[in-house]
Amino acid sequence: MFKKVIVLYASQLYRAAFPLLLVPLIIGMLGTERYGLVSFFTMLIMLMGLLDAGISGTFIKLIATNKNQLVNFTRVVNLFLKVFCGFVVVAGILVFIFNNYADYIANDWLKTNLSNDETIICIKLTGVILALLYLRSYLQSFVNGMERQDLIAIWSMFYTTFFYGGSYLVLVYYSNTLIAFFTSLLALAIVDIIATAGGVAYVIMMQRKSLNEYHDNNDQAVHEIISFRSVIKFSLQLSGLSMIWVIASQVDKISLSTYTDLTSYTQYQIGAQLSTVVLTLAAPLSQLLLPRMSALVKEKDHTKFVELFSLSSIGYIVCLAPLVPYMYLYGGDLISLWLKNRELGFTVNEYAKWLVSAAFFAGMMNFVFILLYSTGQLKFHFYAYALYSALTIPLTVLIAKYFGPHWSCIFYFIQTLMFMLLWGGYCVHKEMTGYVRIIPLLTMLILMVSYVVFKITQSYELFSGNKFLYILCPPIINLVIICGFIYMFKNQFLTAIHNFKIKKW
């Protein structure tokens, strides 16, 4: 388990850091407005979650809870492959839509001064790439359900290298055009889905071999849940959440792509890309916890369930909470150093500091989702999130239209924080004893300590003689101080964690 965590976080750190090194170079090659089309493409990737309809998440749980029984595992595999045929049909429809409505997207949706012919070709290529990524995402859910996230992590490192490094080399040595850029992404998407399909075949063969060697009579028991009807029933709950989440998290970008020029939209998207680093660093926790905690619920292992959930959430807070005050005090200098453009850096940080803060609290809210998902209590979460989104989505559109990107990101931060405090706090208090008394206090303490440390280092201009040390040393100093504090009071923390209880167990 520990080795898998190390592999996952090494992969995520690489996937977060490598693009940050090359994005400024790609922007320099393409220009800000042409890179806006790339930003539009990344937004569409997020919107692909709408087409999944929660089925991938359903299979993660179904595979994780039935992978150790031969008969059940065989039925799950067969059902997974049948559903994949439906995904192929949807992918084909997606390609058809982008091919036939490329002119509408280029001229009526996007506000751009780019060549019309070039834009239309890139949009058609985008449709094929998105279809392949859609199929890849579904196939990965099988590997994730088998708790072989290490395979996904290793391949993701190669994929990230090829996505950014390969496309940059194409721009430098082949053709400095958007068409060449998107053609290279199409080639990578083809390789990606082949590699993912190979990973699925590998884990199926290895698991069947293992189960055949240790097959016993208990494997003959077949659970009623392994049916298409059961998958659809659970998917309807999960799909509602995933669809609303995708719309709610992307509606600001969709609105701004319509109501602002492509240059302003690109600046906002660069800030949003920095906020996704937070979610990228949190992703391994979801990949590990969703199948593992579902299995622990089935095994009724209360102690491991509470311990895993508590330590994971505390680790997330300790590592990522300092980013919130850091972006407010040092964000402009950090982004200026990254983009090699001081004016652009401080402009982007006007968006990034709010979006990064919102991403941190959204990551905390994700632990509530993990808790309810693993215990099979998504219904009320769906109702709450639907009500929340019904209020915030129209407001987000209006704010984007009349007040622009700056107020859009401020509103996104406020509504994310409020939903996490009100609904998230209620859910955790209802499900667990003691958790709500400790975690909010720990979060507030880390935020305040971090702010004080960063304010002191900034006020005294420590390390100001070297721009790299000026940016990198304050968070390192802050992390050492926080870890020292955690170490001093580790016995109290462990005692508090041991007192956490799941109320319904």
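Residues numbered from 1 in each chain as written. Predicted model: local features only at pLDDT ≥ 70, side-chain atom pairs only at ≥ 80, totals over all residues. Heavy atoms only, no water.

1. Regarding the overall build of the protein
Stated precisely, the cut-off is as follows: Elements are defined by DSSP. Helices are runs of H or I of four residues or more, strands are runs of E of two residues or more, and each kind is numbered from the N terminus. Exposure is judged per residue with a 1.4 Å probe applied to protein chains only, and the accessible area is read against the type maximum: over 50% gives exposed, under 20% gives buried, and values in between give partly exposed. Two residues qualify as a contact provided that any one of their heavy atoms is within 4.5 Å of a heavy atom in the partner residue. The accessible surface values rely on the Shrake-Rupley method and a 1.4 Å probe; as for residues, cover is taken only from the protein chains in view.
Looking only at helices and strands, the protein has 18 helices and two strands in total. When each of the 505 residues of the protein is scored for burial, the buried share is 54%. Within the protein, counting contacts between residues at least 6 apart in sequence, those at least 24 apart form 84% of the total. As presented, the protein carries roughly 23200 Å² of accessible surface, and 68% of it is formed by carbon and sulfur atoms.

2. Looking at the state of the cysteines
Let me state the cut-off plainly: Sulfur atoms of two cysteines make up a disulfide when they are within 2.5 Å.
Within this structure, the stated rule accounts for zero disulfides. Between Cys483, a free cysteine, and Cys319, which holds the nearest cysteine sulfur, the sulfur-to-sulfur gap is 7.2 Å.

3. Quick word on the packing of helix 12 (residues 302-320) against helix 16 (residues 435-459)
Definition in use: Note on definitions: angles span 0 to 180 degrees between N-to-C directions of axes, and those axes are lines fitted to C-alpha atoms, for helices only across the stretch in contact. Note on terminology: angles under 35 degrees are roughly parallel, angles over 145 are roughly antiparallel, angles of 65 to 115 are roughly perpendicular, and the others are oblique. A clockwise turn of the near helix away from the far one marks a right-handed crossing, whereas an anticlockwise turn of less than a right angle marks a left-handed crossing.
Where helix 12 meets helix 16, the axes come as close as 10 Å, and the angle between the chain directions of the two elements is 15 degrees. The angle between the axes of helix 12 and helix 16 places the two elements in the roughly parallel class. Viewed along their axes, helix 12 and helix 16 form a crossing whose handedness is right-handed. Facing helix 12, whose interface residues are Phe309, Ser310, Ser313, Ile314, Ile317 and Val318, helix 16 presents Tyr435, Ile439, Leu442, Thr443 and Ile446.

4. Quick notes on the packing of aromatic side chains
Aromatic ring pairs are defined here through the distance separating the ring centres and the angle between the ring planes. Applied cut-off: Two rings from Phe, Tyr or Trp (for Trp, the six-membered ring) form a pair when their centres are within 6.5 Å of each other. A pair whose planes differ by under 30 degrees is stacked, one over 60 is edge-to-face, and the rest are tilted. Sitting over a ring, as applied to charges here, requires NZ of Lys or CZ of Arg to be within 6 Å of the ring centre and within 35 degrees of the ring normal.
Going through the model one piece at a time under the given rule, you end up with 28 aromatic pairs. Note on Phe360 and Phe361: the rings are 5.0 Å apart at their centroids and 70 degrees apart in plane angle, and the pair reads as edge-to-face. The buried category is assigned to Phe361, whose relative accessible area is 7%. With a centroid separation of 5.5 Å and an interplanar angle of 35 degrees, the aromatic rings of Trp423 and Tyr426 are classed as tilted. You can see Trp423 and its partner Tyr426 sitting in helix 15 (residues 379-431), three residues apart, about one turn around the helix. A residue is classified by how much of its surface remains accessible, and Trp423, at 18% relative accessible area, is buried. Within the aromatic cluster, the residues linked to one another by ring pairs are Phe309, Tyr316, Tyr328, Trp354, Phe360, Phe361, Phe367, Phe413 and Tyr435. One cation-aromatic arrangement involves Arg136 over Tyr159; the distance from NZ or CZ to the ring centre is 5.4 Å.

5. Considering the side chain of Ser310
Structurally, Ser310 is set in helix 12. Not counting the four nearest positions on each side in its chain, Ser310 is found in contact with Met432, Tyr435, Ile497 and Phe500.

6. Digging into the nonpolar core
Put simply, the rule reads: We define a nonpolar core as any set of buried Ala, Val, Leu, Ile, Met, Phe, Trp, Tyr and Cys residues linked to one another through side-chain atoms lying within 4.5 Å.
Formed by 151 residues in total, the largest nonpolar core has its most connected members in Phe59, Phe142, Phe182 and Tyr316. Ranked by residues supplied to this core, first place goes to helix 14 (residues 342-374) with 20 residues.

7. Looking at the environment of Ile446
On the secondary structure map, Ile446 appears in helix 16. Sequence separation between Ile446 and Pro322 is 124 residues; the distance between their C-alpha atoms is 6.9 Å. Excluding residues within four positions of it along the chain, Ile446 makes contact with Ile317, Val318, Ala321, Pro322 and Ile482.

8. Digging into the packing of helix 5 (residues 70-100) against helix 9 (residues 178-213)
For any two helices packed against each other, the geometry is given by the interaxial angle and the distance between the axes. What counts, and what does not: Gly falls in the polar group here, along with every residue not listed as nonpolar (Ala, Val, Leu, Ile, Met, Phe, Trp, Tyr, Cys, Pro) or charged (Asp, Glu, Lys, Arg).
The N-to-C vectors of helix 5 and helix 9 enclose an angle of 160 degrees; their axes lie 10 Å apart at closest approach. Judged by the angle between their axes, helix 5 and helix 9 are roughly antiparallel. You can see that helix 5 and helix 9 cross each other, and the crossing is left-handed. Of the residues in helix 9, those in contact with Leu70, Phe73, Thr74, Val77 and Asn78 of helix 5 are Ile204, Gln207, Arg208, Leu211 and Asn212. Residues belonging to the contact of helix 5 with helix 9 are distributed by class as follows: five nonpolar, four polar and one charged.

9. A look at helix 16
To keep it simple, the criterion reads: Helix span, as expected, comes to 1.5 Å for every residue beyond the first.
Under the 1.5 Å per step criterion, the end-to-end length of helix 16 is 36 Å for 25 residues, consistent within 8% with the ideal 36 Å. Listed in full, the buried residues belonging to helix 16 are Tyr435, Ile439, Leu442, Thr443, Ile446, Leu447, Ser450, Val453, Phe454 and Thr457. Following helix 16 by one or two positions, Glu461 has its phi on the positive side, about 50 degrees.

10. Brief notes about a nonpolar patch on the surface
Quick reminder of the rule: Residues qualify for a patch when their relative accessible area is over 30% and they have no salt bridge, like charges being joined within 9 Å and the nonpolar side chains of Val, Leu, Ile, Met, Phe, Trp and Tyr within 5 Å. Only one rule defines a salt bridge in this text: a Lys or Arg side-chain nitrogen within 4 Å of an Asp or Glu carboxyl oxygen.
Taken together, the side chains of Tyr451, Val452, Ile456, Tyr460, Leu462, Phe463, Leu469, Ile477 and Ile481 make up a nonpolar region of the molecular surface, amounting to roughly 800 Å² of accessible area. Contributing elements (two or more residues each) for the nonpolar patch: helix 16 and helix 17 (467-488). With respect to the helices and strands, Tyr460 occurs in the loop between helix 16 and helix 17. The exposure class of Tyr460 is exposed, given its relative accessible area of 63%.

11. Describing the side chain of Ser312
Here Ser312 shows up in helix 12. A relative accessible area of 11% places Ser312 in the buried class. Not counting the four nearest positions on each side in its chain, Ser312 is found in contact with Leu285, Leu289 and Phe367.

12. Quick word on the confidence of the model for the protein
The line we're drawing: Residue-level confidence of the predictor is summarised by pLDDT, bounded by 0 at the bottom and 100 at the top.
For the protein, mean pLDDT is 80; residues scoring 70 or higher make up 87% of the total. Here residues 217-224 scores under 50 on pLDDT; set against residues more than four positions off or in separate chains, the count is 16 contacts.

13. A word on the environment of Leu288
Relative to the assigned elements, Leu288 resides in helix 11 (residues 262-299). Considered as a pair, Leu288 and Glu147 are 141 residues apart in the sequence and their alpha carbons are 7.1 Å apart.

14. A short note on the pattern of salt bridges
All chains considered together, the criterion is met by four salt bridges. Close ionic contact of Asp192 with Arg136 constitutes a salt bridge, the shortest N to O distance being 2.6 Å. With Asp192 in helix 9 and Arg136 in helix 7 (residues 116-145), this residue pair connects regions lying 56 residues apart in the sequence. Owing to a relative accessible area of 1%, Asp192 belongs among the buried residues under this scheme. Using a relative accessible area of 16% as the deciding quantity, one classes Arg136 as buried. Taking the shortest distance from any N to any O, the salt bridge between Glu431 and Lys430 comes out at 2.7 Å. Given a relative accessible area of 2%, Glu431 falls into the buried group. Using a relative accessible area of 31% as the deciding quantity, one classes Lys430 as partly exposed.

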